[in-house]
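In case you want the letters, here they are:
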Amino acid sequence: MANSPQAKKRARQAEKARIKNASQRSMVRTYIKKVIAAVEANQKEQAAESYKVAVPVIDKMVNKGIIHKNKAARLKSRLNKKVAAMA
């Protein structure tokens, strides 16, 4: 456990960051699930629209350091492949 004042402060800051990051990751997963749900429901327009909304959110998480850039590229590629396969 943290003993020095600065270690206690860092522990508080780390906990705040952990909660915020978890929330951000959850939000990204929700956007991804919306695209997949539209694809599985065979709704082409809805899937394409959901994909267009999800891509900037994924990119924003990369800039914030929430997810790795390669993971983001992989997610976008797989989602795009599913949406394109519907056309």
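Conventions we followed
- Residues numbered from 1 in each chain as written.
- Predicted model: local features only at pLDDT ≥ 70, side-chain atom pairs only at ≥ 80, totals over all residues.
- Heavy atoms only, no water.
- Helix = DSSP H or I, 4+ residues; strand = E, 2+ residues; numbered from the N terminus.
- Rg over C-alpha atoms; globule rule 2.2 N^0.38 Å.
- Buried < 20%, exposed > 50% of the residue type's maximum accessible area, 1.4 Å probe, protein only.
- Phe/Tyr/Trp six-rings, centres within 6.5 Å; stacked < 30°, edge-to-face > 60°.
- Lys NZ or Arg CZ within 6 Å of the ring centre and 35° of its normal.

1. Re the overall build of the protein chain
Right, so step 1: Along its length, the protein chain carries 3 helices and 0 strands.
Right, so step 2: Each helix and strand of the protein chain, ordered N terminal to C terminal, gives the series α-α-α.
Right, so step 3: The C-alpha radius of gyration of the protein chain comes to 17 Å, more than 25% above the 12 Å expected for a compact globule of 87 residues.
Right, so step 4: Its C-alpha atoms put the protein chain at 60 × 20 × 15 Å along the principal axes.
Right, so step 5: In the protein chain, buried positions account for 25% of the 87 residues.

2. Points about the packing of aromatic side chains
Right, so step 1: All chains considered together, the criterion is met by 0 aromatic pairs.
Right, so step 2: Above the face of the Tyr31 ring, Lys34 is positioned so that its terminal group lies 5.3 Å from the ring centre.

3. Some details on unusual backbone geometry
Right, so step 1: With a phi close to 60°, Asn42 is a non-glycine residue in the positive phi region.
Right, so step 2: When you line up the elements, Asn42 lands in the loop between α1 (5-40) and α2 (44-64).
Right, so step 3: Overall, the relative accessible area of 58% leaves Asn42 in the exposed class.

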